[in-house]
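If you want the building blocks of each chain, they are given just below.
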Amino acid sequence: KFPPEFVNRIDAVITYQPLGAAALAQIVDQQITVLERHIQNRLGERAFELRVNGAVRQFLLRTGTSSEYGARELKRTILRNLTQPLAAMTANGEIPPEAIVNAEMDEHGEKLVLTVTV
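The text that follows walks through the structure, step by step, so that each part is easy to find.

### Things to note about helix H4 (residues 74–91)
Link 1 in the chain: For H4, with 18 residues, the first-to-last C-alpha span of 24 Å sits near the 26 Å given by 1.5 Å per residue.
Link 2 in the chain: At Arg80, H4 is bent by approximately 40°, the largest bend along its length.
Link 3 in the chain: Leu74, Thr77, Ile78, Leu82, Leu86 and Met89 are the residues of H4 that are buried.
Link 4 in the chain: Of the surrounding elements, those touching the buried residues of H4 are helix H2 (21–43), strand S1 (49–52), helix H3 (54–64), strand S2 (100–105) and strand S3 (112–117).

Here it is in structure tokens:
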């Protein structure tokens, strides 16, 4: 129950439909593009290329989205599985400038693996 003063301030009621698989996949692609831009802008001459394959994108979709909450957890999932490991590798000097970092799934398909190629 809300007081009449609050109810009178409501102009419209908006109902949202659940996101479809194509929209969720587009959000994953967009978030990965944002991460790639961040790497280029933040590191400048020390930047590297990030390659994320389809299996990783599916893993991020599976773990970062739900029917109940949509894509709300996706940013945190990307942060936990990609951004933080990449930041640690960069801070430890494991990624040289202009290297290529491939994000792939392990042989069991349960965990992300980041490999560096020069």
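The structure having been displayed, the exposition proceeds.
### So, a nonpolar patch on the surface
Link 1 in the chain: A contiguous nonpolar patch, built from Phe2, Phe6, Val7, Ile10 and Val13 and spanning about 530 Å² of accessible area, is present on the exposed surface.
Link 2 in the chain: Within the element layout of this structure, Val7 appears in helix H1 (residues 4–7).

### Some words on the pattern of salt bridges
Link 1 in the chain: Following the criterion strictly, the structure yields 3 salt bridges and no others.
Link 2 in the chain: Across the salt bridge formed by Glu49 and Arg51, the nearest N and O atoms sit 2.9 Å from each other.
Link 3 in the chain: Assessed through its relative accessible area of 37%, Glu49 is described here as partly exposed.
Link 4 in the chain: Exposure remark for Arg51: the relative accessible area of 41% places this residue in the partly exposed category.
Link 5 in the chain: Among the salt bridges present, the one from Arg76 reaches Glu73, with a minimum N-O distance of 3.3 Å.

### As for the nonpolar core
Link 1 in the chain: Ile39, Leu82 and Leu86 are the most contacted members of the largest nonpolar core, which totals 27 residues.
Link 2 in the chain: Elements represented by at least two residues in this core include exactly H2, S1, H3, H4, S2 and S3.

### Regarding H3
Link 1 in the chain: Within H3 the residues assigned to the buried category are Val56, Phe59, Leu60, Leu61 and Gly64.
Link 2 in the chain: Where H3 is buried, its residues meet H2, S1, H4, S2 and S3.
Link 3 in the chain: Where H3 begins, the side chain of Asn53 points an oxygen toward the backbone nitrogen of Ala55, at a separation of 3.2 Å.

### Points about the sheet that holds S2
Link 1 in the chain: The mixed open sheet is built from 3 strands, whose spatial order is S1-S2-S3. Looking along the sheet, the strands with just one partner apiece sit at the ends: S1 and S3. Each strand of the sheet is rotated relative to its neighbour by a mean of 25°, with strand direction disregarded.
Link 2 in the chain: Inspection of the sheet shows S2 paired to S3 by 6 bridges, in the antiparallel sense. Within S3, the position partnered with Val101 by the bridge is Val116.

### Overview of the side chain of Asn102
Link 1 in the chain: Along the chain, Asn102 turns up in strand S2.
Link 2 in the chain: Not counting residues within four places of it along the chain, the set of residues in contact with Asn102 comprises Arg51, Val113, Leu114, Thr115 and Thr117.

### Side note on unusual backbone geometry
Most peptide bonds adopt trans geometry, and most residues besides glycine take a negative phi value.
Link 1 in the chain: Its identity is not glycine, yet Glu98 carries a phi of approximately 65°, on the positive side.
Link 2 in the chain: Topologically, Glu98 is positioned in the loop between H4 and S2.

Conventions adopted
- Residues numbered from 1 in each chain as written.
- Predicted model: local features only at pLDDT ≥ 70, side-chain atom pairs only at ≥ 80, totals over all residues.
- Heavy atoms only, no water.
- Helix = DSSP H or I, 4+ residues; strand = E, 2+ residues; numbered from the N terminus.
- Expected span 1.5 Å × (residues − 1).
- Bend = angle between axes of the 7 residues up to and from the residue.
- Buried < 20%, exposed > 50% of the residue type's maximum accessible area, 1.4 Å probe, protein only.
- Contact = heavy atoms within 4.5 Å.
- Patch = residues over 30% accessible without salt bridge, like charges linked within 9 Å, V, L, I, M, F, W, Y side chains within 5 Å.
- Areas by Shrake-Rupley, 256 points an atom, 1.4 Å probe, with all protein chains shown as cover.
- Salt bridge = Lys/Arg side-chain N within 4 Å of Asp/Glu carboxyl O.
- Core = buried A, V, L, I, M, F, W, Y, C linked by side-chain atoms within 4.5 Å.
- Polar contact = N/O pair within 3.5 Å; in protein donor to acceptor, adjacent residues only side chain to side chain.
- Pairing = 2+ DSSP bridges.
- Axes fitted to C-alpha atoms, helices over the stretch in contact; angles between N-to-C directions.

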